[in-house]
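Residue-level structural notes
One letter stands for each residue in the lines below.
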Amino acid sequence: MTRFLRLLGCLVVLGCLGATAAEAQSPGQRRQQPNRGLSMPAALPDPTTSAGNLGTRLEPGAVLCRTSEELQRRQAAMVEQGPDDPATLPAGCFLVGTRTPVEVLERRGYGRTQVKTLGRSSETGWTDAYLPQR
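Residues numbered from 1 in each chain as written. Predicted model: local features only at pLDDT ≥ 70, side-chain atom pairs only at ≥ 80, totals over all residues. Heavy atoms only, no water.

1. What about the overall build of the protein chain?
What the protein chain contains, in helices and strands, is two helices and six strands. Going residue by residue from the N terminus, the α and β elements of the protein chain occur as α-β-β-α-β-β-β-β. Expressed as a percentage of the 134 residues in the protein chain, the buried residues total 24%. For the protein chain, contacts bridging at least 24 residues in sequence account for 58% of all contacts bridging at least 6. When the accessible surface of the protein chain is summed, it comes to about 10,300 Å², and 56% of that surface belongs to carbon and sulfur atoms. (Helix = DSSP H or I, 4+ residues; strand = E, 2+ residues; numbered from the N terminus. Buried < 20%, exposed > 50% of the residue type's maximum accessible area, 1.4 Å probe, protein only. Contact = heavy atoms within 4.5 Å. Areas by Shrake-Rupley, 256 points an atom, 1.4 Å probe, with all protein chains shown as cover.)

What follows is the structure, encoded as structure tokens:
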């Protein structure tokens, strides 16, 4: 009986050592903070964006004008009246209502960028919104 207890005790000790060694080799876990469940999977990219400009979007409230001249008129009106005045939108400009994926076509300095909206209604226009270069 004592041989059996020794063998059982050795197996328990070896099992504990093996579990400790396996836990020490697992990446990304700290001893102070145990893993409390599975992490969320990464979000899938929006299929309406092009592969070259993944993530380039106009946020709600951005201005989109049909021509570069209309955008210049809007910028001149902003200087005269103020940026928060709703009367600063010329006839060919409108505010973007929802987050809209775009493809950058041309840049003319920091304040004028020609974009093409992607998705169901594809339009080409000019904006003064900040769009980072990719």
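2. Some details on the pattern of salt bridges
Tallying each qualifying case throughout the model produces three salt bridges. In this structure, Glu106 and Arg108 form a salt bridge, with 2.9 Å as the shortest nitrogen-oxygen distance. Residue Glu106 is classed as partly exposed on the basis of its relative accessible area of 28%. You can call Arg108 partly exposed: its relative accessible area is 37%. (Salt bridge = Lys/Arg side-chain N within 4 Å of Asp/Glu carboxyl O.)

3. A few points about the nonpolar core
Judged by nonpolar contacts, Leu58, Ala62, Leu64, Val96, Val102, Val115, Ala129 and Leu131 together constitute the single largest core of eight residues. Filtering out sequence-adjacent residues up to four positions away, Leu131 remains in contact with Thr56, Arg57, Leu58, Val102, Val104, Arg107, Thr113 and Val115. Formed by five residues, the second largest nonpolar core is a distinct cluster that contains Val63, Cys65, Cys93 and Trp126. (Core = buried A, V, L, I, M, F, W, Y, C linked by side-chain atoms within 4.5 Å.)

4. Section: the state of the cysteines
Formally, a disulfide is one covalent bond, and it connects the sulfur atom of one cysteine to the sulfur atom of another. Under the defined criterion, the tally for this structure stands at one disulfide. Across a sulfur-sulfur distance of 1.9 Å, Cys65 and Cys93 are joined as a disulfide pair. The sign of the S-S torsion, about 110°, decides the handedness of the disulfide formed by Cys65 and Cys93: right-handed. Within this pair, whereas Cys65 is found in strand β2 (residues 63–65), its partner Cys93 is found in strand β3 (residues 93–95), the two being separated by 28 residues in sequence. Its relative accessible area of 1% is what places Cys65 among the buried residues. (Disulfide = S-S within 2.5 Å.)

5. Things to note about the pairing of strand β4 (residues 100–107)
Pairing geometry for strand β1 (residues 57–58) and β4, over two bridges, is antiparallel. Of the residues in β4, the one forming a bridge with Leu58 is Thr100. Sheet topology places β4 next to strand β5 (residues 113–117); five bridges connect them, and they run antiparallel. In the strand pairing of β5, Glu103 is matched with Lys116. Here β4 hands over to β5 after five residues, with Gly109 in that stretch at a positive phi of 75°. (Pairing = 2+ DSSP bridges.)

6. Quick look at the confidence of the model for the protein chain
With 66% of its residues at a pLDDT of at least 70, the protein chain reaches an overall mean of 78. Considering each helix and strand of the protein chain separately, the mean pLDDT is smallest for helix α1 (residues 2–25), with a value of 75, and largest for strand β6 (residues 124–127), with 94. (pLDDT = per-residue confidence, 0-100.)

7. Comments concerning a nonpolar patch on the surface
A surface patch of nonpolar side chains, amounting to about 570 Å² of accessible area, comprises Met1, Phe4, Leu5, Leu8 and Val12. Within the element layout of this structure, Leu8 appears in helix α1. (Patch = residues over 30% accessible without salt bridge, like charges linked within 9 Å, V, L, I, M, F, W, Y side chains within 5 Å.)

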